[in-house]
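# Geometric and topological summary
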Amino acid sequence: MEKKSGSTVLKTIVADITTLAMDAIVNAANSSLMGGGGVDGAIHRAGGPEILQECKEIVDKIGRLPTGEAVITTAGRMPSKHVIHTVGPVWHGGRKGEPELLGHCYRNSLQAARKNGLRRIAFPSISTGVYGYPVEEAADVAVRSVIETIQAHPGDFDEILFCGFDAGTERKYARALDVEDL
Ligand code: ADP
């Protein structure tokens, strides 16, 4: 699925996010920034120790990264240039501020990108793995938050990818994007 909002292309794809060549890929990290399972583990494995070293320096400076916030490092050995690390909310049923926090992840990741002049960004399906966020709900929040941000900053982004690791996930982001009136 591919759509345009102003000059920005919005696209859903099925891929291993570590193989993409973007200005930045986003990592669904945890607050420790010390790596973990899922996409976080894959990014640190593919990128190598340089990323963890930079994460350690960030934690030394600011402490644990709160849910919804985002920080940026290089991408080590991966084809992309940077990794934007954000911490998604753990799903507790949906009435504990999960949608707002997940929206913050997308908005703050794109703000970090803007600050660094990064125009081509790929997101994984934040929070929908180990953190248990239902994919359909997460896809709605993701697509809405991204569209709001790019419409607030027209001309700042060339391409935003929603990268599903499997076709089922990608389809849900495609549906969420399809129903948006751009
Ligand atoms: P969280 O802890 O935020 O739920 P996970 O990493 O457990 O994060 O899962 C988030 C999503 O990332 C899941 O849909 C999972 O299938 C996907 N994922 C795992 N590895 C990769 C990868 N290499 N590239 C893209 N997506 C991935």
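What counts, and at which threshold
Residues numbered from 1 in each chain as written. Predicted model: local features only at pLDDT ≥ 70, side-chain atom pairs only at ≥ 80, totals over all residues. Heavy atoms only, no water. Helix = DSSP H or I, 4+ residues; strand = E, 2+ residues; numbered from the N terminus. Rg over C-alpha atoms; globule rule 2.2 N^0.38 Å. Near = heavy atom within 4 Å. Polar contact = N/O pair within 3.5 Å; in protein donor to acceptor, adjacent residues only side chain to side chain. Areas by Shrake-Rupley, 256 points an atom, 1.4 Å probe, with all protein chains shown as cover. Buried < 20%, exposed > 50% of the residue type's maximum accessible area, 1.4 Å probe, protein only. Contact = heavy atoms within 4.5 Å. Salt bridge = Lys/Arg side-chain N within 4 Å of Asp/Glu carboxyl O. Axes fitted to C-alpha atoms, helices over the stretch in contact; angles between N-to-C directions. Nonpolar A, V, L, I, M, F, W, Y, C, P; charged D, E, K, R; others polar. Core = buried A, V, L, I, M, F, W, Y, C linked by side-chain atoms within 4.5 Å.

### Focus on the overall build of the chain
A tally of regular secondary structure across the chain gives 5 helices and 7 strands. Secondary structure elements of the chain, listed N to C terminal, follow the sequence β-β-β-α-α-β-β-α-β-α-β-α. A compact globule built from 182 residues should have a C-alpha radius of gyration of about 16 Å, and the chain, at 15 Å, falls within 12% of that. Projected onto its principal axes, the C-alpha coordinates of the chain cover approximately 45 × 35 × 30 Å.

### Some remarks on the site of the ligand
Asp16, Val39, Ser127, Gly129 and Val130 are the nearest of the 14 residues found near the ligand. Measuring from an oxygen atom of the ligand, one finds a backbone N or O atom of Tyr131 at 3.0 Å. Calculation on the ligand without its partners gives an accessible area of 560 Å², and the protein chains cover 89% of this total. A total of 3 residues in the shell around the ligand trace back to one element, the largest contributor, which is helix H1 (residues 38-47).

### Observations regarding the side chain of Thr18
With respect to the helices and strands, Thr18 occurs in the loop between strand S2 (8-14) and strand S3 (24-29). Take Thr18: its relative accessible area is 9%, and that puts it in the buried class. Separated by 2.7 Å, the side chains of Thr18 and Asp16 make a polar contact. Excluding its chain neighbours within four sequence positions, the residues that come into contact with Thr18 are Ile25, Ala42, Ile43, Ala46, Met78 and Pro79.

### Let's talk about the pattern of salt bridges
The final tally for this structure, using the stated rule, is 7 salt bridges. The partner of Arg120 in a salt bridge is Glu159, and the shortest N-O contact between them spans 3.1 Å. With Arg120 in strand S6 (residues 120-123) and Glu159 in strand S7 (residues 159-164), this residue pair connects regions lying 39 residues apart in the sequence. Using a relative accessible area of 14% as the deciding quantity, one classes Glu159 as buried. Linking Glu180 and Arg144 is a salt bridge whose minimum nitrogen-to-oxygen distance equals 2.9 Å.

### A look at the environment of Pro134
Locating Pro134 in the fold gives a position in the loop between S6 and helix H4 (135-152). Of the residues examined, Pro134 reaches a relative accessible area of 25% and is grouped as partly exposed. Taking the C-alpha atoms as reference, Pro134 lies 15 Å from Ala167; in sequence the two are 33 residues apart.

### What about the packing of H1 against helix H2 (residues 49-62)?
When two helices pack together, you describe them by how their axes are tilted relative to each other and by the distance separating the axes. At a minimum axis separation of 6 Å, H1 and H2 run at an interaxial angle of 115°. Of the residues in H2, those in contact with Ile43, His44 and Gly47 of H1 are Pro49, Ile51, Leu52 and Cys55. When its residues are assigned to classes, the contact of H1 with H2 shows 5 nonpolar, 2 polar and no charged.

### What about the nonpolar core?
Ranked by size, the top nonpolar core spans 30 residues in total, and within it Tyr106, Ile121, Phe123, Val146 and Ile160 carry the most contacts. Those elements giving two or more residues to this core turn out to be S3, helix H3 (98-115), S6, H4, S7 and helix H5 (167-178). By residue number, the principal contributor to this core is H4, which donates 9 residues. With residues up to four places along the chain from it excluded, the contact list for Val146 reads Leu10, Tyr106, Leu110, Phe123, Ile160 and Phe162. Core analysis: the next-biggest nonpolar cluster, separate from the first, contains 21 residues, Ile25, Ile51, Val71 and Val83 among them.

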